[in-house]
Amino acid sequence: MAKKIRLFSVVMAVIVLFTSCKGPILDVGNLLTPPVFFSEQNKIIDALKSSVGNEIELEYPSGGDYRSAFILYDIDKDGSNEAIVFYRLVKPDMLQNMVHINLLDTKKGEWVSVCDIIGEATSIDKVAVGTFLRKREILIGWNQIRDREKKLVCYSFNDGMLERDFETGYVEFAVSDFYGEAYGDELITVNFVPANENLNQVTQHARLIRCIDGEFKITSTTPLDIRVQGFRKCIAGKVNPAVKALFLDGIIDTNTINTQVLIVSSNGKITNPLLKDGKVNSLTERKSNLTTSDINLDGILEIPRQEELLGYNEVPESERLYKTVWQTVSEGSLAVSSEMYIGSSIRVAFDSKSADKLTVKYTAARNELVFYEFNRSLEASQNALFSVKVSEKELFEAEEGYHKIAENDYTVVTAKIINEQSPLALSLDRLEELVYII
C-alpha cells in the first residue's frame, strides 16, 4: 500500500503542474531551477571553462519537461553519451549575451570540448531530441519571436561540428514516433496561418514533418480549434498501446481549456479526430487546472472533465461537489476509462458497477465522505453504503467500526462499511484499491 500511495502522489503532483511537450531525451537535470552538480557535471563544467573561459553562466530552457543546462545524449551513435551544454558569456556586449551550445565528448576518459556554436536567441524555450531516418538530431526551440512564432532549429553532429539541418517557426512542437512505421521519429508543430476570408485574422493548424530522402518535409496539415488562444500543456503519449499522438490542452478562456488529440493515420496523414466544424468535442472542456495525464499509470494518456455528483445540480453552486471523469480516445471518439472524487488530500475512484448510481455527502467537521445510493434527489438519498474519513496522523484516534485502509507520514484514511447487504456494497479490500492519498 505504501508503494501505491507514493506512486499516486507523484501522479497527482503531475496533474497540477503545467508541463510542455515531452520527448525521449536523457536530461540529467530536468529541474525548474539550476540543479545541484554531481561529480560528472563538475567534470563537464571544468572542461567547458577550460575551453571558453570562466566568465560564463549556464542557460536553462524555460519550458518543457527537460529544463537542465546539461543534456547527456549519444548524438553521434558511437555508443557513449556526449554532453550538450547551454551557456552564455558574462559580458555586456549584446552578441555575447546570445546563448551558446557547446558539445563535449570523452577522450581517454576525460571530457573535452569538441565544438561551440552561437545560438539563435538570448534564451531557450524548450529542447527535445529525435532519430530521423537513423540520424539523430537535437531540436532547440529558441525564444526568437517572428510573426508570433518562435524559432525551431534541428541540429545534427557531423565531422566534429553541430550542423543546422532544418529550421521552422512554431507555437508548440513535439517529437515522437507518431507514424509508427519504422521510419524513426516525426515532428509535429503548431503554427499560425492566415484565415482564407481575412488575411489579417489568423487561426492555427498543425503540421506533420518527416525526414524523407535526407530532407525535412511538411507532409500533411490539419486544422485546430478556432477558439484556442494558447496552450496550457503539450504532451506526446499513447492513445492505445500501439498508437502515439500529440495531446494539446488549449486555452479557450481564463477558466476553460479543452484537448485536441493529433493522430497520424495509417496512410501517414495527420488528423484531429475530435474536431468538428472548427470546434473540439465539448466533452473535453473543463477547468484550466485539470490537464491531460496518465492517471492510471497504464501508459495511456487520459483527458479529464468534471461532472456534478448526482443531485448537486439542485444546490447552490458554492456547495456543489464534483467527480472527475477520465476519458481515452478510441476510434476517433471519447470513451470513459475511470471516474473519481478528488478532494484536497485524497481521491476515491468509483467502482465501475456503481459509478452512475452513487452520490456523496461531505461532513466537514469530521473530514468524512459518506457514499449513498442515489434516489431521485440529494435529500431523498438516505441509503448510506460506506464512508471514507481522513485524519491527520498526529491527531488520529481509532473509532469503532472504522478500519485503516491507507496512510503515509502525514495522513491516515479509515473506512466504514455501513450497508453490507446492498448490491452496491463494497468490501474494505476493494475500498483499499480505490482510495489514494494525494
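Basis of the calculations
Residues numbered from 1 in each chain as written. Predicted model: local features only at pLDDT ≥ 70, side-chain atom pairs only at ≥ 80, totals over all residues. Heavy atoms only, no water. Core = buried A, V, L, I, M, F, W, Y, C linked by side-chain atoms within 4.5 Å. Buried < 20%, exposed > 50% of the residue type's maximum accessible area, 1.4 Å probe, protein only. Helix = DSSP H or I, 4+ residues; strand = E, 2+ residues; numbered from the N terminus. Contact = heavy atoms within 4.5 Å. Polar contact = N/O pair within 3.5 Å; in protein donor to acceptor, adjacent residues only side chain to side chain. Pairing = 2+ DSSP bridges. Axes fitted to C-alpha atoms, helices over the stretch in contact; angles between N-to-C directions. Phe/Tyr/Trp six-rings, centres within 6.5 Å; stacked < 30°, edge-to-face > 60°. Disulfide = S-S within 2.5 Å.

Caption draft 1: Seen up close, the nonpolar core. Grouped together as the largest cluster of nonpolar side chains are 32 residues, with contacts concentrated most on Ile346, Phe350, Phe371, Phe386 and Val413. No other element matches the four residues that strand β27 (residues 383–392) contributes to this core. Setting aside residues up to four positions removed in sequence, valine 413 forms contacts with Ile346, Val388, Lys389, Val390, His403, Lys404, Ile405, Ala406, Val435 and Ile437. Core analysis: the second largest hydrophobic core is formed by 21 residues, Tyr73, Ile84, Ile124 and Trp142 among them.

Caption draft 2: Local environment of the environment of aspartate 177. Turning to its location among the elements, aspartate 177 is positioned in the loop between β10 (172–176) and β11 (186–194). By relative accessible area, which is 26% here, aspartate 177 ends up partly exposed. C-alpha of aspartate 177 to C-alpha of threonine 131: the two residues are 46 residues apart in sequence and 9.0 Å apart in space. Not counting residues within four places of it along the chain, the set of residues in contact with aspartate 177 comprises Gly184, Asp185, Glu186 and Lys244. Here glycine 180 takes part through its backbone nitrogen, which lies 2.9 Å from a polar atom of the side chain of aspartate 177.

Caption draft 3: Region of interest: the sheet that holds strand β29 (residues 411–417). In space, the five strands of this open sheet follow the order β25-β26-β27-β29-β28, with antiparallel pairing throughout. Looking at the sheet topology across the chains shown, the edges are occupied by β25 (358–363) and β28 (403–407). Pairwise comparison of adjacent strand axes, ignoring direction, gives a mean angle of 25° for this sheet. As defined by bridge partners, β28 adjoins β29 across four bridges and the pair is classed as antiparallel. Bridge assignment links glutamate 407 to a residue of β29, and that residue is valine 412.

Caption draft 4: Geometry of the sheet that holds strand β6 (residues 124–132). Taken together, the four strands give an open sheet; going across it, the order is β6-β7-β8-β9, and neighbouring strands pair in antiparallel fashion. Edge strands, defined here as strands with exactly one partner in the open sheet, are β6 and β9 (161–170). If you compare each strand with its neighbour and ignore which way they point, the axes differ by 25° on average. Relative to strand β7 (residues 135–146), β6 is paired through eight bridges, and the arrangement is antiparallel. From the neighbouring strand, threonine 131 faces β7, where its bridge partner is arginine 136.

Caption draft 5: Main features of the packing of aromatic side chains. The final tally for this structure, using the stated rule, is six aromatic pairs. Consider the rings of tyrosine 179 and tyrosine 183, whose centres lie 5.9 Å apart with planes at 15°: the pair is stacked. Of the residues examined, tyrosine 183 reaches a relative accessible area of 40% and is grouped as partly exposed. When the centroid spacing of 6.0 Å and the interplanar angle of 70° are considered together, the rings of phenylalanine 350 and phenylalanine 371 count as edge-to-face. Within this pair, whereas phenylalanine 350 is found in the loop between β24 (346–349) and β25, its partner phenylalanine 371 is found in strand β26 (residues 368–373), the two being separated by 21 residues in sequence. Neither phenylalanine 350 nor phenylalanine 371 differs from the other in exposure class; each is buried. Members of the aromatic cluster, joined through ring pairs, are Phe132, Phe166 and Phe216.

Caption draft 6: Region of interest: the environment of tyrosine 155. Tracing the backbone shows tyrosine 155 in strand β8 (residues 149–158). Once the C-alpha coordinates of tyrosine 155 and valine 129 are considered, the two residues, 26 residues apart in sequence, prove to be 9.4 Å apart.

Caption draft 7: Up close: the state of the cysteines. Per the stated rule, a full pass over the model turns up zero disulfides. Of the cysteine sulfurs around cysteine 154, a residue in no disulfide, the closest is that of cysteine 211, at 9.2 Å. Given the relative accessible area of 13%, cysteine 211 is considered buried.

Caption draft 8: Quick look at the pairing of β27. Within β27, eight of the 10 residues are buried, leaving the element largely enclosed by the surrounding structure. Direction of pairing for β26 relative to β27: antiparallel, over a ladder of six bridges. In the sheet register, phenylalanine 371 faces β27, and the bridge partner there is phenylalanine 386. Relative to β29, β27 is paired through seven bridges, and the arrangement is antiparallel. Residue pairing for β29: lysine 389 is matched across the bridge by threonine 414.

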